[in-house]
Amino acid sequence: MNDESRPGSNGIFFFPYLLGERAPLWNNYARGMLIGMGLDMKRSDLIRSIFEGTSYSLRHVVETVKESGAKADVLRICGGGAKSRTWAQIKASMLKMPVYLLDETSGDVPVGDALIVGHKVGVFPDLTKAVEQIVKVNEIIQPIDEWVNAYDKLYPYYVEMYRDLDKDLKRLKSTVDGLLV
């Protein structure tokens, strides 16, 4: 479906802040936005912009984590969003790292939480071995170089547009809240 639209979604940016935004913005007044729509856009551009917007947001988090000294060199995904190969390919290219599509029997977030807790209380002395035994990878999606180059050029616009609109979004929330009184 989204292979009809090229990386960059014909200039459309989606900001997925539908409930405000947590990491790395910690901002409850941020709001979802679509910027760059025009009469020349296609349905596929709009859909791809949503996939890309959530991936830009994920990149923002990963880059913030890396700036703090942490390491991230692979993304593991499962569940509904992992069923879209296009979305996984966008994430891999946006993050410049492989995306591991996990087997459904590997569980979801609670399995990872249980593994970490089990490691901390001694059930799994070697967390890496426990993960290898329990979490099964169905497929590894590698970044596409052309997409990586496109996202490297576009990502700064995503961050700058949010920063440029931040004060206006805060004032807008205050005004709207005042109207409801």
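This one's a predicted model, so the numbers in the text were calculated from it and none came from an experiment.

Caption draft 1: Quick look at the overall build of the chain. Of regular secondary structure, the chain possesses five helices and five strands. Starting at the N terminus, the α and β elements of the chain follow one another as β-β-α-β-α-β-α-α-β-α. Oriented by its inertia axes, the alpha-carbon framework of the chain measures out at about 55 × 45 × 30 Å. Out of the 181 residues belonging to the chain, those deemed buried represent 37%.

Caption draft 2: Spatial organisation of the packing of helix H2 (residues 85–95) against helix H5 (residues 145–179). Where H2 meets H5, the axes come as close as 8 Å, and the angle between the chain directions of the two elements is 65°. As for how H2 packs across H5, the hand of that crossing is right-handed. Only Trp147, Val148 and Tyr151 of H5 make contact with H2, whose side of the interface consists of Gln89, Ile90, Ser93 and Met94.

Caption draft 3: Here's a closer look at the pattern of salt bridges. For the structure shown, the criterion picks out eight salt bridges. Put simply, glutamate 63 and arginine 59 hold a salt bridge, and the shortest N to O gap is 2.8 Å. Within this pair, glutamate 63 and its partner arginine 59 are both found in helix H1 (residues 43–67), separated by four residues, close to a single helical turn. Of the charged contacts in the structure, one is a salt bridge between arginine 171 and aspartate 168, with a shortest N-O distance of 2.8 Å. With arginine 171 and aspartate 168 both in helix H5 and three residues apart, this pair spans about one turn of that helix. Judged by its relative accessible area of 38%, aspartate 168 is partly exposed.

Caption draft 4: Molecular detail of the packing of aromatic side chains. If you walk through the whole model with that rule in mind, you get eight aromatic pairs. Between the aromatic rings of tyrosine 17 and tyrosine 162, the centroid separation amounts to 5.5 Å while the plane-to-plane angle is 80°, which identifies the pairing as edge-to-face. One end of the pair, tyrosine 17, is in the loop between strand E1 (13–15) and strand E2 (33–35); the other, tyrosine 162, is in helix H5, with 145 residues separating them in the sequence. For tyrosine 17, a relative accessible area of 1% corresponds to the buried category. By relative accessible area, tyrosine 162 is classed as buried at 6%. Counting every residue linked through ring pairs, the aromatic cluster contains Phe13, Phe15, Tyr17, Tyr56, Tyr151, Tyr155, Tyr158 and Tyr162.

Caption draft 5: How the structure looks around the pairing of strand E4 (residues 99–102). Where strand E3 (residues 75–77) lies against E4, three bridges are found, and the strand directions are parallel. Paired with isoleucine 77 across the two strands is leucine 101, which belongs to E4. Handedness of the crossover joining E3 and E4 through H2: right-handed. Here E4 runs beside strand E5 (residues 137–141); their pairing, made up of four bridges, is antiparallel. When the bridges of E5 are listed, leucine 102 appears paired with valine 137.

Procedures and definitions
Residues numbered from 1 in each chain as written. Predicted model: local features only at pLDDT ≥ 70, side-chain atom pairs only at ≥ 80, totals over all residues. Heavy atoms only, no water. Helix = DSSP H or I, 4+ residues; strand = E, 2+ residues; numbered from the N terminus. Buried < 20%, exposed > 50% of the residue type's maximum accessible area, 1.4 Å probe, protein only. Axes fitted to C-alpha atoms, helices over the stretch in contact; angles between N-to-C directions. Left-handed = near helix turned anticlockwise from the far one by under 90°. Contact = heavy atoms within 4.5 Å. Salt bridge = Lys/Arg side-chain N within 4 Å of Asp/Glu carboxyl O. Phe/Tyr/Trp six-rings, centres within 6.5 Å; stacked < 30°, edge-to-face > 60°. Pairing = 2+ DSSP bridges. Right-handed = clockwise from strand over helix to strand, strands pointing away.

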